[in-house]
Amino acid sequence: MGSFKLGKMTLRSLFGTPETTCYPAVEKPAPAGLKGQIQNDIETCILCGICSKNCPAHALAVDKKAGTWQINRFSCVQCGTCVRLCPKNCLTMDPSRAQISTKMEPVVLAKPQESEEEKAAKEAAKKAKIEAAMKAKEQREGK
């Protein structure tokens, strides 16, 4: 009985497709339901730190003064808590496999520094909003 099973398995492996692939050259398709890895759109991130405070694996670190957001991909368990709790929805789960790494270093993203013109434009927009709010308040009180 055992030799029939062995013969069947041998014939199947001789005439069938191999179970393994040559990894760097041929990549297997991602299985359904793969959570992937966390991606941050640092342009829209406000560096509030809610993601790092609620991470169960303590894989995230936010430094608002330095303007950096970092993730240790080796500690991350891909639970998606940070994605659900992000107030600006700048965190997403990218359904792809993690990149190969030879060193266990965290990925650090830095918020780009604003130029003087951008700061001046923001300040002008802020002043315009305040003036509009003051005018609206005067009109309400004047009625």
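Relevant structure appears above.
For clarity, every value in this text was computed on a predicted model and none was experimentally measured.

## Section: the overall build of the chain
In terms of helices and strands, the chain carries 4 helices and 5 strands. Written out in order from the N terminus, the α and β elements of the chain read α-β-α-β-β-α-β-β-α. Across the 143 residues of the chain, 16% fall into the buried class. Looking at the chain alone, contacts between residues at least 24 apart form 69% of all its contacts between residues at least 6 apart. A total accessible area of about 11,600 Å² is found for the chain, and carbon and sulfur atoms account for 58% of it. Seen as two clouds, the 23 positive and the 15 negative side-chain charges of the chain have centres 10 Å apart.

## Describing the sheet that holds strand 5 (residues 107-110)
Spatially, the 3 strands line up as an open sheet ordered 2-3-5, and their pairing is antiparallel. Strands with a single pairing partner mark the edges of an open sheet, and in this sheet they are strand 2 (60-63) and strand 5. Strand-to-strand, the axes of this sheet are offset by a mean angle of 15°, without reference to chain direction.

## With respect to a nonpolar patch on the surface
There is a patch of nonpolar side chains on the surface, built from Leu11, Leu14 and Phe15 and spanning about 390 Å² of accessible area. Locating Phe15 in the fold gives a position in helix 1 (residues 2-15). The class for Phe15 is exposed, based on a relative accessible area of 71%.

## Re the pairing of strand 3 (residues 68-71)
Taking every second residue as pointing to the same face, the buried face of strand 3 carries Trp69 and Ile71, while none of Thr68 and Gln70 on the other face is buried. Pairing between strand 2 and strand 3: 4 bridges, direction antiparallel. Bridging from a neighbouring strand, Val62 pairs with Trp69 of strand 3. Once strand 2 ends, the chain turns through 4 residues before running back antiparallel as strand 3, passing Gly67 with a positive phi of about 75°. As paired strands, strand 3 and strand 5 are joined by 4 bridges and run antiparallel to one another. Looking across to strand 5, one finds that Ile71 is bridged to Val107.

## Observations concerning the environment of Val107
Inspection of the secondary structure puts Val107 in strand 5. Take Val107: its relative accessible area is 33%, and that puts it in the partly exposed class. With 37 residues separating them in the primary sequence, Val107 and Gln70 have C-alpha atoms 5.4 Å apart. Beyond its immediate chain neighbours, meaning those up to four positions away, Val107 contacts Trp69, Gln70, Ile71 and Arg73.

## What to know about the state of the cysteines
Taken as a whole and assessed by the stated rule, the structure comprises 0 disulfides. Residue Cys82 stays outside any disulfide, its sulfur separated by 6.3 Å from that of Cys79, the closest cysteine. A residue is classified by how much of its surface remains accessible, and Cys82, at 7% relative accessible area, is buried. No disulfide involves Cys90; its sulfur sits 3.5 Å from that of Cys86, the nearest cysteine.

About the thresholds
Residues numbered from 1 in each chain as written. Predicted model: local features only at pLDDT ≥ 70, side-chain atom pairs only at ≥ 80, totals over all residues. Heavy atoms only, no water. Helix = DSSP H or I, 4+ residues; strand = E, 2+ residues; numbered from the N terminus. Buried < 20%, exposed > 50% of the residue type's maximum accessible area, 1.4 Å probe, protein only. Contact = heavy atoms within 4.5 Å. Areas by Shrake-Rupley, 256 points an atom, 1.4 Å probe, with all protein chains shown as cover. Lys, Arg positive; Asp, Glu negative; His and termini not counted. Charge placed at Lys NZ, Arg CZ, Asp CG, Glu CD. Pairing = 2+ DSSP bridges. Axes fitted to C-alpha atoms, helices over the stretch in contact; angles between N-to-C directions. Patch = residues over 30% accessible without salt bridge, like charges linked within 9 Å, V, L, I, M, F, W, Y side chains within 5 Å. Salt bridge = Lys/Arg side-chain N within 4 Å of Asp/Glu carboxyl O. Disulfide = S-S within 2.5 Å.

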